[in-house]
Amino acid sequence: MQLRSLLLLLFLLTFCLESRSQVGGITAYQFLNLPNSATIAAMGGHHIALADDDLSLANRNPALLNESMARRVAISHAFHPAGISNSYVGYAVHKEDLRMTFQAGLQYVGYGDFTRRDVTGQDIGSFTASDYALTLGVGRQLSERWRLGVNLKFINSQLADFSSFALASDIGIHYQDTTGRFGLSLVARNLGRQVSSYNELREPLPLDIQIGINRELKYLPFRFSIIYRMLNRWDILYDDPNEEDESIFVGFDQQTNERGAGAIWLDNFFRHFVFNGELLVGKNRNLRLRFGYNHGLRRELRLNDYRSLAGYSLGFAIRIKRFQIAYGRTTYHIGGGINQLGVDMGFGPKR
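Asks: I tried to follow the overall build of the protein on my own but got confused; where do I start?
Replies: Looking only at helices and strands, the protein features four helices and 14 strands. Split into buried and exposed, the 351 residues of the protein put 45% on the buried side. Look at the contacts in the protein between residues 6 or more apart in sequence, and 56% of them connect residues 24 or more apart. Carbon and sulfur atoms provide 59% of the accessible area of the protein, an area that totals close to 18,200 Å².

Asks: Sorry, what's going on with the side chain of Arg319 here?
Replies: Summarising the element assignment, Arg319 is placed in strand S12 (residues 312-320). There is a polar contact of 2.9 Å between the side chain of Arg319 and the side chain of Gln324. Not counting the four nearest positions on each side in its chain, Arg319 is found in contact with Asp53, Arg72, Asn286 and Gln324.

Asks: I would appreciate a short explanation of the pattern of salt bridges in the present structure.
Replies: Oppositely charged side chains may form a pair once their charged atoms are brought near each other. Tallied over the entire structure, the rule returns 11 salt bridges. Of the charged contacts in the structure, one is a salt bridge between Arg290 and Glu278, with a shortest N-O distance of 2.7 Å. You can see Arg290 sitting in strand S11 (residues 287-294) and its partner Glu278 sitting in strand S10 (residues 273-281), a full 12 residues away along the chain. Overlapping salt bridges bring together Asp52, Arg223, Glu278, Arg288 and Arg290 as one network.

Asks: Whenever I open this one, the packing of aromatic side chains confuses me. Can you help?
Replies: Taken as a whole and judged by the stated rule, the model has 14 aromatic pairs. With centroids separated by 6.3 Å and ring planes inclined at 15°, the aromatic side chains of Phe222 and Phe291 adopt a geometry described as stacked. With Phe222 in strand S9 (residues 222-228) and Phe291 in strand S11, this pair connects stretches of sequence that are 69 residues apart. For Phe291, a relative accessible area of 44% puts it in the partly exposed group. An aromatic cluster is built from Tyr228, Trp234, Trp265, Phe269, Phe270, Phe273 and Phe275, whose rings are joined through pairwise contacts.

Asks: Sorry, what's going on with the environment of Ser87 here?
Replies: Here Ser87 is to be found in strand S2 (residues 85-95). When its relative accessible area of 22% is taken as the criterion, Ser87 is described as partly exposed. Sequence separation between Ser87 and Tyr132 is 45 residues; the distance between their C-alpha atoms is 9.8 Å. Every residue in contact with Ser87, bar those within four places of it in the chain, is listed here: Ser76, His77, Leu106, Gln107 and Tyr108. Polar contacts involving the side chain of Ser87 include one to the side chain of His77, which spans 2.7 Å.

What counts as what
- Residues numbered from 1 in each chain as written.
- Predicted model: local features only at pLDDT ≥ 70, side-chain atom pairs only at ≥ 80, totals over all residues.
- Heavy atoms only, no water.
- Helix = DSSP H or I, 4+ residues; strand = E, 2+ residues; numbered from the N terminus.
- Buried < 20%, exposed > 50% of the residue type's maximum accessible area, 1.4 Å probe, protein only.
- Contact = heavy atoms within 4.5 Å.
- Areas by Shrake-Rupley, 256 points an atom, 1.4 Å probe, with all protein chains shown as cover.
- Polar contact = N/O pair within 3.5 Å; in protein donor to acceptor, adjacent residues only side chain to side chain.
- Salt bridge = Lys/Arg side-chain N within 4 Å of Asp/Glu carboxyl O.
- Phe/Tyr/Trp six-rings, centres within 6.5 Å; stacked < 30°, edge-to-face > 60°.

Structure (structure tokens):
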């Protein structure tokens, strides 16, 4: 009965929240949606339904915390342009008597140095801007197939002499069948509120309720995931009056030369989806080739006059005993993409 109550609570959350359009620019702390690891970056920016020993995945869904992550350190850094840095470090421990796995992680985004000027435009020094998120999480094995997890986040943003602070949490539940080849997750990310703000106006947090499945094929070393994001917000279209549609979901009205309601509905529907896959190479799966496709990201960042790989991502991971190095690349623009490197190390006896 307790498990059913938890499932009912998460289900009601997806329908009780207010729905608004145009998600960009209406919430604070958007850095929380940046990929915190090379794995996430290579898999389309979202990966919530795979429970293995990759500790960085638990930052997105705490229900994925399990004993194979115990005494592991995950470190990642993304190389953004203009001197912007996005780094993450995490560590986990497991308590067998409690059937719980605990994690601590820190995500940091630094935006570089800026020139400070007075009202006349004179250079009077410099200032910096940065964002931090300290995450403390716990995951518990409820039964053979079910896991529950909670992250608590302490969020801080600094801009010169100004700062803001927020408290948030992630709540997730994960199901895995007895074969270990199928996983299903439901997670509510960034539930919380801003405690102090830059001014008198308190801004909402980037709440995102997601559901995802992960499936490994029986006779082929390949697994794939399908994630539906923004369950709490249906309309995520950007109303661009200059838009010239070039997607496969075309249904123009012959009289007005505008997209029909069906084409608009399909476009909005598929913007919620992220698809990714992973090919496991070798007897011990020491080489993993990854790719992802984020349709919402592609539609938002596409160019009408040029073809680009916006929305596509790829990467790999190489494991040598208890040491793993991963690489992920996400394409945002025809001019280039973001490269992300990650290192995962295990300490103590192997589980």
